[in-house]
Amino acid sequence: MNYHFYKTNCLKTSRVLMQSRWDKEFSFIHISSEKNNSNNLEFGWITLLKVIFRIKNADVVIFHAQSALPYLAIAFLLKKVFNLQGRYVYDIHDLHEHSPEVNGSIKSFLRFYLFLTLEYFLLNVDQIKKITVSSGLARTMGARYSCKEPVVVRNISLSPTKPKIRARETQSDAIVFFGIRERVPIDAIPILESEGYHLHLYGRGIDHDWLSQEIASYDKKNIHCFGEYSPNDLSFLEKYRIALIYAPKDDSLNFKYSLPNKLFQSLAAGLTVLVSENFEEMISLFSDVPHAVVPVNLLNLAETIASVKSKGIVDGYLIQRKIEGIYFESRRNYLNVVGG
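Here the structure is a predicted model, which is why all the values come from computation and not from measurement.

> Where do I start with the nonpolar core in this structure?
Grouped together as the largest cluster of nonpolar side chains are 44 residues, with contacts concentrated most on L263, L267 and F286. Looking at this core, the elements that each hand over two or more residues are α1 (14-22), β4 (60-64), β8 (175-178), β11 (242-245), α9 (261-268), β12 (272-276), α10 (280-285) and α12 (316-338). Ranked by the residues each element gives to this core, the list is headed by α12, at seven residues. Ranked by size, the runner-up nonpolar core spans 35 residues in total, among them F43, Y88, I92 and V133.

> Any chance you could explain the pairing of strand β1 (residues 2-5) here in plain terms?
On a regular strand, each side chain points to the face opposite its neighbour's, so the side chains alternate between the two faces of the sheet. The two faces of β1 match: N2 and H4 on one face and Y3 and F5 on the other face are all buried. Where β1 meets strand β2 (residues 26-30), four bridges bridge the pair, whose relative direction is parallel. If you follow Y3 over to β2, its bridge partner there is S27. Examined bridge by bridge, β1 and β4 share four bridges and lie parallel to one another. If you follow N2 over to β4, its bridge partner there is V60.

> Help me understand the pattern of salt bridges, please; the structure alone is not making it clear to me.
Proximity of charged atoms lets side chains of opposite charge pair with each other. Following the criterion strictly, the structure yields seven salt bridges and no others. For E329, the salt bridge identified is with R154, shortest N-O distance 3.4 Å. A residue pair is termed long-range when its members are at least 10 positions apart, and E329 in helix α12 and R154 in the loop between β7 (151-152) and β8 qualify at 175 residues. With its nearest N and O atoms 3.9 Å apart, the salt bridge here joins D173 to K309. Separated by 136 residues along the polypeptide, D173 in the loop between β7 and β8 and K309 in helix α11 (residues 301-310) bring together distant segments of the chain.

> Mind showing me how you'd approach unusual backbone geometry here?
The phi angle of most residues is negative, glycine excepted, and most peptide bonds adopt the trans form. Unusually for a residue other than glycine, S146 sits at a positive phi of about 50°. As for its placement among the helices and strands, S146 is situated in the loop between α5 (135-145) and β7. If you check the backbone angles, H291 has positive phi at about 65° while not being a glycine. On the basis of relative accessible area, H291 is assigned to the partly exposed category, the value being 35%.

How each quantity is defined
- The residue numbers shown here count from 1 along each chain, following its written sequence.
- Note on the predicted model: pLDDT of at least 70 is required for a residue's local features to be given, and 80 or more for side-chain atom pairs to be given and counted; whole-chain, interface and lining totals, by contrast, use all residues.
- Heavy atoms from the whole structure form the basis of all side-chain values; hydrogens and water molecules are not counted.
- Each nonpolar core is a collection of buried residues, namely Ala, Val, Leu, Ile, Met, Phe, Trp, Tyr and Cys, held together in the definition by side-chain atoms within 4.5 Å.
- The buried label applies to any residue whose accessible area, calculated with a 1.4 Å probe on protein chains only, is under 20% of its type's maximum; exposed applies above 50%, and partly exposed to all values in between.
- Runs of E in the DSSP output that reach at least two residues are strands. Runs of H or I that reach at least four are helices, and both are numbered from the N terminus.
- Following DSSP output, two strands are said to pair if at least two bridges run between them.
- The rule for a salt bridge is simple: a side-chain nitrogen of Lys or Arg has to be within 4 Å of a carboxyl oxygen of Asp or Glu.

Structure representation (structure tokens):
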């Protein structure tokens, strides 16, 4: 049995769901509104203590993200003191980075250095296996804490499917963005408008009332808001040819080495994905697939879009082989870690 310990509602987290599909048996320990689901255990110290005192050697508890570090530390200490069975895995979703908020209050300051200390010691405990979402984060963690690099299990929740063979004439000329409104490419909108391009926005809370507060003026004929979409139905992507993931002001390492699920979803749908130049891992990972992931900035955005529209269509078979390779490698790495 594999237990996924996560301090939020993991039913809304693609990474946790992805891993649970690879487990033979699993339970979620998390905050959930679905109390009648037999796979859901109530989040908290009491549940965790019950689990770690009853599990067998073949069982695994996977602690997800930084918020689980205190629980992992106490669980491991009790395991050593009472010679408990089972194995622990720390799934590093992102780096513990310094930010201006750290010095904003004593609580933030203490929390930052407490978690930094916990991460340092736990990453150097060989009995705790470590996995993370990208090669860049793995290298950084290894160098920062002088420890063995975590195993890379990328956040690709897609199952292998037939390749999308796109017909250029059947696709919309609009650029598509889908996701949370904090990631809407506000800075790119004036450029797109000035060049006559259309931008279609999908996501909860992304509407014209909100957009009017974020940008002084824009033409609603060019910028369209389609509202919330279901993560289980991304068929709307098939009518587009180009997706945009653009956040050039985010210079943290977590963004530099990020590989969001929507990148894989866009590529699986046959789209070219334009990304800002700070997303280095996205660019390098797909550098061997022509027209798949293309770096852009505000100076060359319009020119790049024109070039993609005139020349490049992603090779459906090539991108599908690439995605399948990433999927099966991640699955194999995950099963190797939790299997022993």
